[in-house]
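# Observations on the three-dimensional arrangement
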Amino acid sequence: MTERAKAENGLAGGVGERAQEKVNLYVSGMTCATCAKMVERELSKVEGVSFAAVNLATDSAFVVLERPVPREILEGAVREAGYDIGEPPGEGREEERYRAAKRGVVLSWAVVVPLMVLMVLHMYGGASVHVGAMKRVMAAMPFIEAVCGAFVLFGVGRHIFRSAWIALSHRHANMDVLVALGALSAWCTVFVSWANPAFPSFGAISTMIVALHLTGRYIESRLRDRASKQVRALLSLSVPTARLQLSEEGDKTVDVPIEAVKTGNVVAVLPGERIPVDGEIVRGITSVDESMLTGESIPVSRGVGDAVTGGSMNLTGALRVRATSVGEDSFLARMAALIREAQGAKIPIQAFADRVTNRFVPVIFLLAVLAGAFWWILYRVYGTSPLPLAFLGTASPAKALNAFISTLVIACPCALGLAIPMALVAGTGAASKRGLLIRNAEAVQTARELGTAIVDKTGTLTEGAPKVVETDLAPDLLNVAASIEKSSTHPLAKAIAATASGDTEVSNLKETAGEGVSASVGGREFFIGRPLDPDRYGAQLDLGRTVVEVRSGDEVLGFIAVEDPVREDTPEAVRRLREMGVEVVMATGDNERTARSVADRLGLGDCRAGLRPDDKLTLVRDWQARGRKVLMAGDGINDAAALKGADIGVAMGAGSDLAVENADIVIVKGGVSRVADAISLSRRIFEVIRQNLFWAFAYNVVAVPLAMLSLLNPIIAESAMAASSISVILSSMRIARHFGKGES
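Bear in mind that the values here come from a model prediction, so they are computed numbers and not experimental data.

With that settled, consider the packing of helix α6 (residues 141-156) against helix α8 (residues 175-195). Here α6 crosses α8 at 160°, and the two axes come no closer than 10 Å. Classified by the angle their axes make, α6 and α8 are roughly antiparallel. Here α6 runs over α8; the crossing is left-handed. Residue-level contacts link Pro142, Phe143, Glu145, Ala146, Gly149, Ala150, Leu153 and Phe154 of α6 to Ala183, Leu184, Trp187, Val190, Phe191 and Trp194 of α8. Taken together, the residues of the contact of α6 with α8 break down into 12 nonpolar, one polar and one charged.

Spelled out as structure tokens, the structure:
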């Protein structure tokens, strides 16, 4: 179990325990994995913080609190690490940041290109460039290099040196420390060359190091934001204002901030507008585009009594919608919170990458010093004579400096730091587009070892929209049953509640997970739920129907037969899971005959029926005891314990809050086909993570020795460093292309 899992385990021991408080912060000024690690370390030191994770890819920190901690204290911890609190990402701020970064790139190259031309002419132009006006220019080259270098390093590139100073002043080192030291060392050779003309000047190279670094950072930032575009698109669906209805007739409306809308208020929505709140349609018929929320591209019809989700697009008709969930309780707010949790998460393999990046910069600095010293010693011993190893050529002060600078600027902890978070950001973005939310990143690593999927029947294998098809209850008793079931969120309860007006007054209502619901009506006790003797309803059960029995005391008053059709995509999804090597087990609280009827239609050999909540958890434990990694998919309160106990818990987004809270992956809409998608995507994300880490390590293992042997020019070294980070991001973006093709 990861540290985060331990921190969030508040619900594992029971429903009554207080949930952990979670806080998200946006951090500005981080440039590499070491920066993120320092912020994470300071946040973890705060008393009351049980878990902290900082994501370089999204410039965000996710904190789990075991007790209330003022936000000011958390922000102070970030500043103690040397970084600032930033604003949440927005289009305006993103564009402003891009313009500033682009301006820096343009200014640096505007200086670098002419300077490099002059340097080439100075070195290889021959006698022709040492006459007339060009002679005066060439004579002034040291001065030109010094001035241009100062402008690029301390003007355009001042943020690099500021970041390096912040890191060093807080007793740690980041990527900018290496770049700043390399560029500053190269620039200082201008003054050494002035004092001793025999010593080569690397002044022009110092400007190119900074220009390449700024260019790589700009491209990296662009690609990072493109990779997380799907996530930002989901988070931007919220509507800032709503048209509030002032009178019962609906003739008068007023635009108000969305924060002013309360539960029960009615809002007007015109065609072509986004629906501002979660609610129920009280007037109007329309088509609604829910593609950004569910991944389904086909609009759905909605009319009076139907539920609609805030952020979806009203296409054809004018509506009046009564708000049912607002603020932090709204669907979008809950999904946004889940996404932020996912982006702040870590997976076990990241612990190894973190250990490497923590020691990376000090080790590279030491290697750079050793490389420079090695070449200087060779020069002192052999002078300019050929070295024993022919491929090394000859030693010189220039080679010593070249090895030192190249080793500093070629090493790249950024690629290591981005390898995992970029894949997770790209993966969560691709998942959100398909109606999947990965809450716990550990599931990504676990999915590759998954052996068994235990799947709830109702709402997962079936459509989750059951209908009453037969009953022998008198109308007055059916109305009593509808009144009692109105308060339950179970799909079967909703079907029963829809059969009558349900206007009878109910008291002492109590729902027992896996059994049914009891209540008092007119002084009489009723129970609606699991039959005492299922065999008496054999004819209904053989048709695959679920039978709910209505009793008063020991007297059986009648039954209600409910049918929930199997989803069209379920047989294909079961086949896909089997092809992935995952054994599918159906688990349901339904009776054996109904469950077997559904299982036979799907070709499922392993079917467990009549299960109560503790039975489902026991089933999960049994499969785990066989050495299997187990996925549990469900949507009700009765599934919560099993979801928490499974290696991967998958909850249907329309299910109970407790089921969603205990899940690792949330399916906004869909059934077992989305479970197959979630496993396929998780495996793909982890495959890309492994590839990213391999290439990030391989790059440093190959590049650093070459730089130490002075076989690489600092310009090539800096270009290679920028390319390594960009390649990791491009690799991560393949996840979206893979999932977009619908591959499995």
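Quick look at the sheet that holds strand β25 (residues 648-652) now. Ordered by their spatial adjacency, seven strands build an open sheet running β14-β26-β25-β24-β15-β22-β23, and the pairing between neighbours is mixed. Where the open sheet ends on each side, the last strands, each with one partner, are β14 (436-438) and β23 (607-608). Where strand β22 (residues 583-587) lies against β23, two bridges are found, and the strand directions are parallel. By the bridge assignment for β23, methionine 586 is matched with cysteine 607.

Let's shift gears to the pairing of strand β21 (residues 555-563). Strand direction decides the pairing type here: strand β16 (residues 467-471) and β21, joined by four bridges, are antiparallel. For valine 468, the partnering residue across the bridge sits in β21 and is valine 562. Examined bridge by bridge, strand β20 (residues 546-552) and β21 share seven bridges and lie antiparallel to one another. Paired with valine 548 across the two strands is isoleucine 560, which belongs to β21. Hairpin connection between β20 and β21: a loop of two residues separates the two successive antiparallel strands, and glycine 553 in this loop has a positive phi of roughly 65°.

Counting buried positions along β20 yields seven of seven residues, so the element is predominantly enclosed. Here β20 shows two buried faces, one formed by Thr546, Val548, Val550 and Ser552 and the other by Val547, Glu549 and Arg551. Alignment of strand β19 (residues 524-529) against β20, held across three bridges, turns out to be antiparallel. Each residue of the ladder has a partner; that of glycine 529, found in β20, is glutamate 549.

For helix α23 (residues 613-625), built from 13 residues, the straight-helix expectation of 18 Å at 1.5 Å per residue is met to within 8% by its first-to-last C-alpha distance of 19 Å. Residues of α23 that are buried include every one of Pro613, Lys616, Leu619, Val620 and Trp623, and no others. The arc that holds every buried residue of α23, seen down its axis, measures 120°, which confines them to one face. Residues of α23 that are exposed and point more than 90 degrees away from the buried face comprise Asp614 and Ala625. On the buried face of α23, the contacting elements are β15 (450-456), β22, β23, β24 (629-634) and α24 (640-645). Glycine 627 sits one or two positions beyond α23 and adopts a positive phi of about 90°.

Further remarks concern the sheet that holds strand β12 (residues 313-314). One open sheet accounts for three strands, arranged β10-β9-β12; its pairing is antiparallel. This sheet does not close on itself; its edge strands, each paired only once, are β10 (300-302) and β12. Bridge count for strand β9 (residues 286-289) against β10 is three bridges, and the pairing is antiparallel. Looking at β10, one finds that valine 288 is bridged to valine 300.

Okay, unusual backbone geometry next. Look at asparagine 508: it is not a glycine, yet its phi comes out positive at around 50°. Along the chain, the position of asparagine 508 falls in strand β17 (residues 507-512). Residue asparagine 508 is classed as exposed on the basis of its relative accessible area, which comes to 61%. A positive phi angle, close to 60°, is found at serine 710, a residue other than glycine. By the secondary structure assignment, serine 710 is in the loop between α26 (672-708) and α27 (714-740). Residue serine 710 is classed as buried on the basis of its relative accessible area, which comes to 12%.

Conventions and cut-offs
- Residues numbered from 1 in each chain as written.
- Predicted model: local features only at pLDDT ≥ 70, side-chain atom pairs only at ≥ 80, totals over all residues.
- Heavy atoms only, no water.
- Axes fitted to C-alpha atoms, helices over the stretch in contact; angles between N-to-C directions.
- Helix = DSSP H or I, 4+ residues; strand = E, 2+ residues; numbered from the N terminus.
- Parallel < 35°, antiparallel > 145°, perpendicular 65-115°, else oblique.
- Left-handed = near helix turned anticlockwise from the far one by under 90°.
- Contact = heavy atoms within 4.5 Å.
- Nonpolar A, V, L, I, M, F, W, Y, C, P; charged D, E, K, R; others polar.
- Pairing = 2+ DSSP bridges.
- Buried < 20%, exposed > 50% of the residue type's maximum accessible area, 1.4 Å probe, protein only.
- Expected span 1.5 Å × (residues − 1).
- Arc of directions from axis to C-beta.

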